[in-house]
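# Understanding the architecture of this molecule
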Amino acid sequence: MKRTRIVTTILAIAVLAATSSALQAENAGDPAHGKLVYERYCLSCHGELGNGQGEFAQWISPKPRDYRQGTFKWRSTPSGSLPTVADLEKTIRDGVYGTYMPTWYTIGHRARLDVIAYIQTFSDRWKEEKPDPPIQIPPEPANDQASIDKGQKLFVALKCAQCHGDSAQGDGPSSHELKDDWGHPIEPADLTKGHFKCGDTPTDVYRVFMTGLNGTPMPSFASQISPSDAWDLAHYIWSLGPGRVNHPQPPNIAAK
Amino acid sequence: MRTLRAWLLSLAAVAGFVLLSAPPAQAFPAFARRTGLRCTACHELWPVFDDTGRAFRDNGYQMRLGKDNPTENPFSYWPVAIRITPNYEYDTVNNQETDQGKKTFKNGGIADGAMDLLIGGNLNNNVSYLVVPTGYASDGVVNLESFWVYFTRVIKNSDWFNIRIGKHEVDLPVSAHRSISLINPYLIYGYHPMADNDAAGAFALDENQRGIEFMGHDRGSLTRYSVSIFNANDSPGSRGAWDSRGYYAHFQKYWQLDSYSVSEVEVGGFLSSAEYPTSFYTADGEPIDGTGTNLKSSERWGLETSATFGPKWTPFHVWAVWAQGKDDKALYGEDARDGKWNGGFLQLLWVPPTDGLHWGFFGRYDYIRNSQQPLAGTPKSLNDQDQWTIGMKHTFAFFNRDEYALHVEYSTNKMKGMAFDGSDLTVSSTFIGIDFAF
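Counting from 1, residues in each chain are numbered in the order their sequence is written. Labels follow written order: the first chain is A, the first ligand is 1, and so on. Restriction of local features to residues with pLDDT of at least 70 applies here, the model being predicted, together with a cutoff of 80 or more for giving and counting side-chain atom pairs; totals for whole chains, interfaces and linings are based on all residues.

Now for the overall build of chain B. Under the DSSP-based scheme used, a helix requires at least four consecutive residues in state H or I and a strand at least two consecutive residues in state E, with every element numbered from the N terminus. On a plain count of helices and strands, chain B comes out with 5 helices and 22 strands. Between the two quantities, the radius of gyration covers C-alpha atoms and the globule rule is 2.2 Å times the number of residues to the power 0.38. For 438 residues, the compact-globule formula gives about 22 Å, and the C-alpha radius of gyration of chain B, at 22 Å, lands near that figure. Once C-beta atoms are placed from the backbone, each residue is buried if 20 or more other C-beta atoms lie within 10 Å of its own, exposed if 12 or fewer, and partly exposed for counts between those two. Expressed as a percentage of the 438 residues in chain B, the buried residues total 50%. Taking the intrachain contacts of chain B between residues at least 6 apart in sequence as the baseline, contacts between residues at least 24 apart amount to 60%. Here, residue contact means that the backbone-derived C-beta atoms of the two residues sit within 7 Å.

On a plain count of helices and strands, chain A comes out with 11 helices and 0 strands. For chain A, the α and β elements follow one another from N to C terminus as α-α-α-α-α-α-α-α-α-α-α. Per-residue burial over chain A gives 41% buried out of 256 residues. Within chain A, residue pairs in contact and separated by at least 24 positions form 61% of the contacts whose partners lie at least 6 positions apart.

This paragraph deals with the domain arrangement of chain A. Residue and element names in this part refer to chain A. Taken domain by domain, chain A comprises domain 1 (28–128) and domain 2 (145–255). Residue ranges labeled as domains rest on an automatic or database domain assignment. Between the C-alpha centres of domain 1 and domain 2 there is a distance of 25 Å. In this assembly, 17 residues from domain 1 lie in contact with 17 residues from domain 2.

Residue and element names in this part refer to chain A. As used throughout, a nonpolar core is a set of buried Ala, Val, Leu, Ile, Met, Phe, Trp, Tyr and Cys residues joined through C-beta atoms within 7 Å of each other. Membership of the largest hydrophobic core comes to 87 residues, with the highest contact counts inside it found for Val-115, Val-205, Phe-209, Ala-230, Leu-233, Ala-234 and Ile-237. Both of domain 1 (28–128) and domain 2 (145–255) provide at least three residues apiece to this core. When neighbours within four sequence positions are excluded, Leu-233 is seen to be in contact with Gly-151, Leu-154, Phe-155 and Phe-209.

Moving on, we come to the packing of helix 7 (residues 145–157) of chain A against helix 10 (residues 227–239) of chain A. Residue and element names in this part refer to chain A. It is the contact of helix 7 with helix 10, at a shortest axis distance of 7 Å, that shows an interaxial angle of 95°. With respect to each other, helix 7 and helix 10 are oriented roughly perpendicular. Judged by residue contacts, Ser-147, Ile-148, Lys-150, Gly-151, Gln-152, Leu-154 and Phe-155 of helix 7 engage Asp-229, Trp-231, Asp-232, Leu-233, His-235, Tyr-236 and Ser-239 from helix 10. Only C-alpha atoms enter the line fits that serve as axes; for helices the fit covers just the stretch in contact. Angles between N-to-C directions range over 0 to 180 degrees. Reported orientations rely on four angle classes, namely roughly parallel under 35 degrees, roughly antiparallel over 145, roughly perpendicular from 65 to 115, and oblique for the rest.

To continue, consider helix 5 (residues 109–119) of chain A. For helix 5 of chain A, the tally of buried residues reaches 10 of 11 residues, placing the bulk of the element in the interior. Turning to helix 5 of chain A, its buried residues number three or more, namely Arg-110, Ala-111, Arg-112, Leu-113, Asp-114, Val-115, Ile-116, Ala-117, Tyr-118 and Ile-119 of chain A.

For the bond running from Ser-61 of chain A to Pro-62 of chain A, omega is 0°, close enough to zero to count as cis. A cis amide bond links Trp-46 of chain B to the next residue, Pro-47 of chain B, at an omega of 10°. Take Pro-47 of chain B: it is sitting in the loop between strand 1 (43–45) and strand 2 (48–49). Here the phi dihedral of Tyr-61 of chain B falls at roughly 55°; this positive angle occurs in a residue that is not glycine. Along the chain, Tyr-61 of chain B falls in the loop between helix 4 (51–58) and strand 3 (80–84).

Residue and element names in this part refer to chain A. As a packed pair, helix 4 (residues 85–94) and helix 5 sit with axes 10 Å apart at the nearest point and diverge in direction by 115°. Pair helix 4 / helix 5 crosses with right-handed handedness. In contact with Val-85, Leu-88, Glu-89, Ile-92 and Arg-93 of helix 4, helix 5 contributes Arg-112, Val-115 and Ile-116. Side-chain classes follow a simple rule in which Ala, Val, Leu, Ile, Met, Phe, Trp, Tyr, Cys and Pro form the nonpolar group, Asp, Glu, Lys and Arg form the charged group, and the remainder, Gly included, forms the polar group. Counted by class, the contact of helix 4 with helix 5 contains 5 nonpolar, no polar and 3 charged residues. Should the near helix be turned anticlockwise from the far one by less than a right angle, the crossing is left-handed, and should it be turned clockwise, the crossing is right-handed.

Moving on to the environment of Ile-390 of chain B. Residues and elements named next belong to chain B. Looking at the secondary structure, you find Ile-390 in strand 20 (residues 385–398). The sequence separation of Ile-390 and Phe-361 amounts to 29 residues, and the corresponding C-alpha distance is 7.9 Å. Once residues within four sequence positions are removed from consideration, Ile-390 is found in contact with Gly-363 and Tyr-410.

Counting residues at the interface gives 32 residues for chain B and 33 residues for chain A. When contributions to the side of chain B that touches chain A are tallied by element, the ones reaching two or more residues are helix 3 (39–42) and helix 4 of chain B. The element contributing the most residues to the side of chain B that touches chain A is helix 4 of chain B, with 3 residues. The class makeup of the residues in the side of chain B that touches chain A is 14 nonpolar, 12 polar and 6 charged.

Before going further, it helps to spend a moment on helix 10 of chain A. All names here are of chain A. Between the first and last C-alpha of helix 10 there are 18 Å, a value that for 13 residues agrees with the 18 Å anticipated at 1.5 Å per step. Burial runs high along helix 10: 10 of the 13 residues are buried. For helix 10, the elements touching its buried residues are helix 7 and helix 9 (202–211). In a helix, the anticipated span is given by 1.5 Å times the number of residues less one.

Now for the environment of Tyr-410 of chain B. All names here are of chain B. Here Tyr-410 shows up in strand 21 (residues 403–415). In this structure the C-alpha to C-alpha distance between Tyr-410 and Pro-353, which are 57 residues apart in sequence, comes to 24 Å. Dropping the residues within four chain positions of it, Tyr-410 is found in contact with Ile-390, Gly-391 and Thr-430.

What follows deals with the pairing of strand 6 (residues 115–124) of chain B. Residues and elements named next belong to chain B. Examined bridge by bridge, strand 3 and strand 6 share 5 bridges and lie antiparallel to one another. Pairing of Arg-83 across the sheet is with Asp-116, part of strand 6. Of the strand pairs in this sheet, strand 6 and strand 7 (residues 127–135) are connected by 7 bridges, and their pairing is antiparallel. Within strand 7, the residue paired with Asn-122 across the bridge is Ser-128. Where strand 6 folds back onto strand 7 in an antiparallel hairpin, the turn is made up of 2 residues, including Asn-126, whose phi is positive at roughly 65°. Here, a strand pair is defined by DSSP locating no fewer than two bridges between the strands.

Take a look at the structure:
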C-alpha cells in the first residue's frame, strides 16, 4: 500500500512536470533565465555587455555579433528588419558554418528562447520595433540545367563576381576592401565549398538574395530580380558545391 | 591465521583506498582554447559533462561547422592541456592494531601531486585522438592512462557508426574519469568480495581497457549506445587467440523536457563480462604470464537513471545507479563459491543560480552489500560498505584559456568487519585543494 502511494506520487510529479513543460514551452523566453544561459554558453565571445567583445573575440573572424544595434544577418524578414524569434533560434540551434558560432542544439528549445529574450535586452530596437513578417518564398521550381544556366548569367549580370570573384571563391576585386557596419573586415563567401553560413539548401540561398545580410555589404536583391530569377541564381550557387548534381564550372574556368 | 588474514585485508583495504581513491580526472582547456568556449559550455561543473560536452565527445571533439580539420584550427592552437590539484589532505583510519592496543591513525599534509597531461584533438575530419600520460608524482611513475584514435561516421556518414581503437574508458553510467569527487572512487566499478586470490579482484570497470569501442548516437547524443570489446585489465593473459576477453555494453536515453522544474530525465543500463585465466604453466611454482587457460568471468550489470531538477544551466542533477556483480567461483580457488554482491550510488550536483555560476556543491552515497561470500565461513556482510561524500567547488575565474577553483571535500567509508579484530573499519578523508587546468 505504501509502495503504491509512493509510485502514485512519483507519477503525479512526472505528469505535473510534463504539463508544466508543455505550457512553458509555448510561452516567450524569460530574460532572467536567459542571462544565466548567456553566462554559461555565450559570454566568452559575445561579451558581458553583449557588444561582441568577449575574451575570444579578438582572435577570430568574423567577429561575434554585437547585439546592441539589433542588427542580424540571418533572417527570414526583409532587409533592415529585426529577425523573428524563430530566425534567432535557428542560428543558435544550428550554428553558423565556417565560423566559431557553434550549434546549441543540445541546450534545448527552452534555453534558446530564454537566451533570445536576454539578447533582446541589449538593444532598444526590440522595445521600439516589431520584426516585419517573413518574406514569402514561392515553391521551388525544377532545379535543372536550364535553371542553373540562367542563374549563371544572372551571376554575371548582377556583378556578383565583384565580391565573390569570377571563380566564386570569395576572391573578387572588392573582396579585400569590404567591411561590416562595425568596421570589421569581412570576407565574401566562398560559394564553391558546398556549405553556406545561411544553410545549405537552395531555399536558404534564395532567402539570402531576397533579405540581404543586415550589417554587411551583401544587399537584398528583392527589388531587382523576380522570384523566378532568384531561384535560378540560387540553383546556380547551390550547384557550385563539390559533388552536386549538374555541377558546372564557375564562369572564368568555363571560359578557359 | 584468521587474525593475520583479517589484518592484511584491512591493510590492503586502507592502502587501496588511499592510493587508488583519486582516479585521474579530465577537463581539457585545449578544447576551450580551440573553440573559444568557456568550460561552462561543456561541463555542468567541471569535469562533469553537460549535454553539450557529451555530444562534443561523442562527435569526436568536433563542432561540425567546418573548423574541425587541423588545418582549420588557429595556428597557435596546441592540443595539450595540464591538470593538477595541489592539496592538503587529512586522513583517519580507525581500529588499527598496535602494541599499545587498538588505535586510530591520523595523518595529514600537502599530498604528493599527480598530474594529468592531456593530449587530444583531431587528425582529420572525423578522426580524433586522445593520449593521456598521468602520474609524474615523486615516485616518478608515469602511466599511459588513455591512448586511442576514434573514427566517426564510418558508415554512410551516420552518427550511429563510430569506432574507437585503443585504451579507453568504457562508457560508464557516470564517468569515473570525470568524477566531481577527487578522493573517492565509485565503489561499484571496482568492487570484489574479499579473497586470497589476486585474479578474483582484478576486473575494474573504471580502469581504462585496451580494445575497440563501437558507439553511436542521435543528434545531440540524447539516445546513445556503446559496445566495447577488450582485453580485461590486469590479466596475466591466456593462450587463447584473444587473451582474457572482456565485453561491455551500455545504453542511455535522455529526454529534454523544456521545463524549469524537471529539465531532463535519463534512463540506461549496462552489462559487462571479463574473463581471467585460472590455470597456468608454472616456473618454480609461479604462474607464467600468457600461459593461462580455463578462463572464468567476472560479470557486472546494472541500471541507471538521472534527472535534472531546475534549468539545465543551473542544474540540480541527481544520478542513481544500481549494479549487481558476480565473480566465478574458479577465480577464488578451490572449494570457493561464486562471489555475489549488489551496490549502487546516489549522486547529487548543484550549481546555484548565483554569482555567475562560480559555486557548485556535490554529494554522493555509495553502498556495497555482499549477497554471497566466496570463501566458506566468511560472514555474509564482510566488507559491506557505506561511503559518504560531500563537497563544494568555487571557481575563481572562467576563461577560455584556463580555469582554477577551490575544491573542498570530505568523505568517509565504513567497511564492515574489515578491521584486524573483525570490527568495522572506517576511513575518512578531508581534502582542500586548488584544482586548476590550463
